[in-house]
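# A structural walkthrough
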Amino acid sequence: MASPKTPFLRQSLCIVTLVFVLLMIGAPLLLPVHSIPDLTGSPGIVDNGPAIRSLPAPWNFIYHFGDMWCHQRSDRSFAIHGNQFPVCIRCSGIFLGIPIGILLSSRLKFQTRQNAAGMLLIVFIVALLPIMIDGVGQGVGLWESSNPVRFITGLLAGGLSSAVVMKGIDLHQASTAKPAHP
Amino acid sequence: MTGDATGAFIISLIGGILMLVSGAMSVFLGSICGATFAACGATGAGTTIMLISSLGLVASIPVLIGSFFISRSDMDSIRKGSMLTLIFGIIGLIFGVWGMMFLMIIGSILALVGGYMGYTLQPTA
């Protein structure tokens, strides 16, 4: 059972991640048509600094984050109004999956506490296995993945892993909650 | 008897797995980048890249060990595991921020959350 603290935490995390997703979708939608150049680069490196700094806030923040987080290859990114998203399709799936996973985690139920750890680990492995197989297979040149597959594997990874983390917090809160006095 | 440490175990284990995956990826990519820099004469930059990525990977091992300590039933093991997870979570976070490895940062934050949850767990009657 979740303690009264958990719904507040769940709602807060859900709102924060949802705002992030809305900013991610709003950026290419609300910026002038064709105002974002090709952002193709490398993750972990700021390689589009001057182009991003010229954007108005808060879009510059979200594109700056995308620049550091993701490779932003234009052929692997959604585009609206001729503006590509701040992150690639796989990362879009991951970020979209996080608020969905947090919401759906309240539906995860376990028969006993003992089987909760095993079940959560299985769900976590199921979450990461498709994205790893697809990513590694493509990385070593076994196949070329497609954008729908990238999106679905990202959505699974983001959604299920955030649900597992949220459920772990639920279990902890339930075990530390003080029993109600009669 | 101890309180239920399942939540702390799961979160610290996930943190450790994410740190391990991020570290392995960084070592693979870092060794290529480092070797390229070194071949171009920038041996200092090459060594730094390889050092950051390797230490990030090394920090994930104690976090994983700590998470398994947290899964034990005695309070002493839970405390020791939590301390291990917290210390190496901080180390992983430093290397994650330094090397801009976002998966390492997320893994370290989860390890820190799991370690904190385990450390603050109260024994039950």
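Only a predicted model underlies this, so the values are computations on that prediction, with no experimental measurement involved.

## Focus: the overall build of chain A
- Along its length, chain A carries six helices and two strands.
- Mapped in sequence order, the helices and strands of chain A form the string α-α-α-β-β-α-α-α.
- When the backbone C-alpha atoms are referred to their principal axes, chain A occupies close to 65 × 40 × 25 Å.
- Per-residue burial over chain A gives 38% buried out of 182 residues.
- Of the contacts formed within chain A by residues at least 6 apart in sequence, a portion of 72% connects residues at least 24 apart.

## Let's talk about the overall build of chain B
- Scanning chain B from N- to C-terminus turns up four helices and zero strands.
- Along the chain direction, N to C, the helices and strands of chain B fall in the order α-α-α-α.
- The buried share of chain B, reckoned over its 125 residues, is 53%.

## Notes on the interface of chain B and chain A
- Facing the 16 residues of chain B at the interface are 16 residues of chain A.
- Listed by contribution, the elements that provide at least two residues to the side of chain B that touches chain A are helix H1 (6–39) and helix H4 (102–119) of chain B.
- The element best represented in the side of chain B that touches chain A is H1(B), accounting for seven residues.
- Across the side of chain B that touches chain A, the residue classes tally to eleven nonpolar, four polar and one charged.

## A closer look at helix H4 (residues 89–104) of chain A
Residue and element names in this part refer to chain A.
- Across its 16 residues, H4 extends 22 Å between first and last C-alpha, which sits within 8% of the 22 Å expected from 1.5 Å per residue.
- Where H4 bends most, the angle comes to about 30°, and this point is Ile-98, followed within four residues by the proline Pro-99.
- Of all 16 residues in H4, 13 are buried, a share of seventy percent or more.

## Quick notes on unusual backbone geometry
Residue and element names in this part refer to chain A.
- Between Ala-57 and Pro-58 the backbone carries a cis peptide bond, its omega angle lying at 0°.
- By the element assignment, Pro-58 lies in the loop between helix H2 (49–53) and helix H3 (59–69).
- Even without a glycine there, the phi angle at His-34 is positive, about 55°.
- Unlike most non-glycine residues, Gln-72 shows phi in positive territory, near 55°.

## Regarding the confidence of the model for chain B
- Overall, the predicted model of chain B reaches an average pLDDT of 84, with 90% of residues at or above 70.
- Per-element averaging of pLDDT across chain B places helix H2 (residues 43–70) of chain B at the bottom with 82 and H4(B) at the top with 92.

## Describing the packing of helix H3 (residues 75–98) of chain B against H4(B)
Residues and elements named next belong to chain B.
- Two elements in contact, H3 and H4, have axes separated by 8 Å at closest approach and are oriented at 155°. With respect to H4, the element H3 is oriented roughly antiparallel. In the crossing of H3 with H4, the sense of the turn from one axis to the other is left-handed.
- Split by residue class, the contact of H3 with H4 holds 14 nonpolar, eleven polar and one charged.

## What to know about the nonpolar core
- Among the nonpolar cores identified, the biggest contains 66 residues, and A:Val164, B:Ile10, B:Ile11 and B:Ile14 are the most heavily contacted of them.
- Setting aside chain neighbours within four positions, we find B:Ile14 in contact with A:Phe124, A:Val164, A:Val165 and B:Leu110.

The rules we used
- Residues numbered from 1 in each chain as written.
- Chains lettered and ligands numbered in written order.
- Predicted model: local features only at pLDDT ≥ 70, side-chain atom pairs only at ≥ 80, totals over all residues.
- Helix = DSSP H or I, 4+ residues; strand = E, 2+ residues; numbered from the N terminus.
- Buried ≥ 20, exposed ≤ 12 C-beta atoms within 10 Å, placed from the backbone.
- Contact = placed C-beta atoms within 7 Å.
- Nonpolar A, V, L, I, M, F, W, Y, C, P; charged D, E, K, R; others polar.
- Expected span 1.5 Å × (residues − 1).
- Bend = angle between axes of the 7 residues up to and from the residue.
- pLDDT = per-residue confidence, 0-100.
- Axes fitted to C-alpha atoms, helices over the stretch in contact; angles between N-to-C directions.
- Parallel < 35°, antiparallel > 145°, perpendicular 65-115°, else oblique.
- Left-handed = near helix turned anticlockwise from the far one by under 90°.
- Core = buried A, V, L, I, M, F, W, Y, C linked by C-beta atoms within 7 Å.

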